[in-house]
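Below, each chain spelled out in residue letters.
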Amino acid sequence: MTGRTKTAPAFSLPDKDGRIVNLSDFSGKWIILYFYPKDNTSGCTLEAIDFTAIKKDLARRNAIVIGVSPDRPDSHKNFIQKHRLDVLLLCDEEKKVLKKYGAWGLKKNYGKEYEGVIRTTVLISPDGKIADIWPNVKVRIKRSGGEVKHADAVLQRLDELN
């Protein structure tokens, strides 16, 4: 998906309890919409924990975090309980929203090509426009000054836009 300032594609997806959540439910808020491959894997767990850790900072900025993966509701429920996560996780088993946001496509691993989730974060403004996009996200980046968390970079960008 390309085009910052483009209207974010609408969606309706189930949460961990099977309740339907709509993008429009969060109108007037900043939305950090992140797409991740699979519950309870190392990178996905770190990402969810990192976003949980800054939830109060985000709330002070009128922002909410929504994670989307192709996992089933029962997987999300277990993932949330196991790691004490405090982010909203939605299920896109049919991969329709993943595709709308360009977070599903061809990947390579050890020389093999396959289709899968492309770890992506989309920052949506309170008026429903795409304010920024991070494609091919690295959850943690090692730098000479230490490790940089993707969640912190998103928070910093939110501050720049506010």
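Preceding block: the structure.
Attention in this report is confined to the structure presented alongside it. (Residues numbered from 1 in each chain as written. Predicted model: local features only at pLDDT ≥ 70, side-chain atom pairs only at ≥ 80, totals over all residues. Heavy atoms only, no water.)

Glancing now at the pattern of salt bridges. One pass over the full model with this rule turns up 17 salt bridges. Ionic pairing is found between Asp-17 and Lys-16, a salt bridge with its closest N-O pair at 2.9 Å. Since its relative accessible area comes to 34%, Asp-17 is described here as partly exposed. Using a relative accessible area of 28% as the deciding quantity, one classes Lys-16 as partly exposed. The shortest N-O distance in the salt bridge between Arg-61 and Asp-159 comes to 2.4 Å. Placement of the pair is Arg-61 in the loop between helix 2 (55-60) and strand 4 (63-69) and Asp-159 in helix 5 (residues 150-161), with a sequence separation of 98 residues. Within this structure, Asp-15, Lys-16, Asp-17, Arg-19 and Lys-77 form a network of salt bridges that share partners. (Salt bridge = Lys/Arg side-chain N within 4 Å of Asp/Glu carboxyl O. Buried < 20%, exposed > 50% of the residue type's maximum accessible area, 1.4 Å probe, protein only. Helix = DSSP H or I, 4+ residues; strand = E, 2+ residues; numbered from the N terminus.)

Grouped together as the largest cluster of nonpolar side chains are 24 residues, with contacts concentrated most on Ile-32, Tyr-34, Phe-51, Leu-58, Val-65, Leu-89 and Leu-123. Mapped by element, the contributors of at least two residues to this core are strand 3 (30-35), helix 1 (42-53), strand 4, helix 3 (73-83), strand 9 (130-134) and helix 5. Per-element tally for this core: the top contributor is helix 5, with 4 residues. In this structure, Phe-35, Ile-124, Ile-130 and Ile-133 belong to the second largest nonpolar core, which totals 22 residues. (Core = buried A, V, L, I, M, F, W, Y, C linked by side-chain atoms within 4.5 Å.)

A few words on the side chain of Thr-121. Here Thr-121 lies in strand 8 (residues 120-124). Among the polar contacts made by the side chain of Thr-121, one reaches the side chain of His-150 at a distance of 2.8 Å. Every residue in contact with Thr-121, bar those within four places of it in the chain, is listed here: Ile-32, Leu-33, Tyr-34, Glu-47, Asp-132, Ile-133, Trp-134, Val-137, His-150 and Val-154. (Polar contact = N/O pair within 3.5 Å; in protein donor to acceptor, adjacent residues only side chain to side chain. Contact = heavy atoms within 4.5 Å.)

Of note in this structure, Asn-40 is not a glycine but carries a positive phi near 65°. Structurally, the position occupied by Asn-40 is in the loop between strand 3 and helix 1. Notably, Tyr-110 is not glycine yet its phi reads approximately 50°, a positive angle. For Tyr-110, the position within the fold is in the loop between strand 6 (104-109) and strand 7 (112-117). Given the relative accessible area of 79%, Tyr-110 is considered exposed.

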